[in-house]
Amino acid sequence: MEYVYAALILNESGEEINEDNLTDVLDAAGVDVEESRVKALVAALEDVDIDDAVEEAAAAPAAAAGGAAAGGAAADDGGDEDSEEDEEADVPDTTDEDDDEDEEADGEGLGELFG
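Residues numbered from 1 in each chain as written. Predicted model: local features only at pLDDT ≥ 70, side-chain atom pairs only at ≥ 80, totals over all residues. Heavy atoms only, no water.

Draft legend 1. Structural detail: the overall build of the protein chain. Along the protein chain, the regular secondary structure elements total six helices and zero strands. Its helices and strands in sequence order give the protein chain the pattern α-α-α-α-α-α, from N to C terminus. In the protein chain, which comprises 115 residues, the share counted as buried stands at 10%. Of the contacts made within the protein chain by residues no fewer than 6 positions apart, 48% connect residues no fewer than 24 positions apart. (Helix = DSSP H or I, 4+ residues; strand = E, 2+ residues; numbered from the N terminus. Buried < 20%, exposed > 50% of the residue type's maximum accessible area, 1.4 Å probe, protein only. Contact = heavy atoms within 4.5 Å.)

This is the structure:
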């Protein structure tokens, strides 16, 4: 995760994201730098517009929530009561006591994604 943060810092400050700059930021933060990870990140970000990617990532949750709300409103077209019961059956049970396990699983997925 530190590697991605370092790349974001370089992007925000207007510096070129290259191996030397990324290593310098990581060293300054006290991170034990792995050269192979630095090279992989620089190569992965070579053709990426980070500002656009950040904007898209920030807009994606809002778009998904808006799309779900619009879809729910369109489904409520004054149909009979049987269809309303079917819709309620599709709603996941959120009263489980497994919320802590779900949060841990979410965190593990992010850790694997960003290393």
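More follows now that the structure is in view.
Draft legend 2. Broad picture of the nonpolar core. Counting ten residues, the largest nonpolar core is built from Tyr3, Ala6, Ala7, Leu10, Leu22, Leu26, Val31, Val38, Leu41 and Val42. When contributions to this core are tallied by element, the ones reaching two or more residues are helix 1 (2-13), helix 2 (19-28) and helix 3 (35-44). Residue contributions to this core peak at four residues, all from helix 1. Beyond its immediate chain neighbours, meaning those up to four positions away, Val38 contacts Tyr3, Glu19, Leu22, Thr23, Leu26 and Val33. (Core = buried A, V, L, I, M, F, W, Y, C linked by side-chain atoms within 4.5 Å.)

Draft legend 3. Quick peek at a negative patch on the surface. A contiguous patch of negative charge on the surface is contributed by Glu12, Asp49, Asp51, Asp52, Glu55 and Glu56. Within the fold, Glu12 resides in helix 1. Look at Glu12 and you get exposed, because its relative accessible area is 67%. (Patch = residues over 30% accessible without salt bridge, like charges linked within 9 Å, V, L, I, M, F, W, Y side chains within 5 Å. Areas by Shrake-Rupley, 256 points an atom, 1.4 Å probe, with all protein chains shown as cover. Salt bridge = Lys/Arg side-chain N within 4 Å of Asp/Glu carboxyl O. Lys, Arg positive; Asp, Glu negative; His and termini not counted. Charge placed at Lys NZ, Arg CZ, Asp CG, Glu CD.)

Draft legend 4. Layout of a nonpolar patch on the surface. Residues Met1, Tyr5, Leu8 and Val54 make up a contiguous nonpolar surface patch of about 340 Å² in total accessible area. Structurally, the position occupied by Val54 is in helix 4 (residues 50-75). Classification of Val54 by relative accessible area gives partly exposed; the value is 44%.

Draft legend 5. Structural detail: the packing of helix 2 against helix 3. Two elements in contact, helix 2 and helix 3, have axes whose closest approach is 10 Å; the angle formed by their N-to-C orientations is 125°. Considered as vectors, helix 2 and helix 3 are oriented oblique to each other. Of the two elements, helix 2 crosses helix 3, and the hand of that crossing is right-handed. Each of Glu19, Leu22, Thr23 and Leu26 in helix 2 lies in contact with helix 3, whose residues at this interface are Val38, Lys39, Leu41 and Val42. Class assignment for the residues of the contact of helix 2 with helix 3 results in five nonpolar, one polar and two charged. (Axes fitted to C-alpha atoms, helices over the stretch in contact; angles between N-to-C directions. Parallel < 35°, antiparallel > 145°, perpendicular 65-115°, else oblique. Left-handed = near helix turned anticlockwise from the far one by under 90°. Nonpolar A, V, L, I, M, F, W, Y, C, P; charged D, E, K, R; others polar.)

Draft legend 6. Region of the structure containing helix 2. Two or three places before Asp20, at the opening of helix 2, Asn18 has a side-chain oxygen 3.3 Å from that residue's backbone nitrogen. Once helix 2 finishes, Gly30 follows within two positions and takes phi at roughly 80°, a positive value. (Polar contact = N/O pair within 3.5 Å; in protein donor to acceptor, adjacent residues only side chain to side chain.)

Draft legend 7. Here's a closer look at the packing of helix 1 against helix 3. For the pair helix 1 and helix 3, interaxial distance at closest approach is 11 Å and the crossing angle is 50°. As far as their axial angle goes, helix 3 and helix 1 are oblique. Read as a crossing pair, helix 1 and helix 3 show a hand that is right-handed. Taken together, the residues of helix 3 that come into contact with helix 1 (itself represented by Tyr3, Val4 and Ala7) are Arg37, Val38 and Leu41. For the contact of helix 1 with helix 3, the class distribution of residues is five nonpolar, no polar and one charged.

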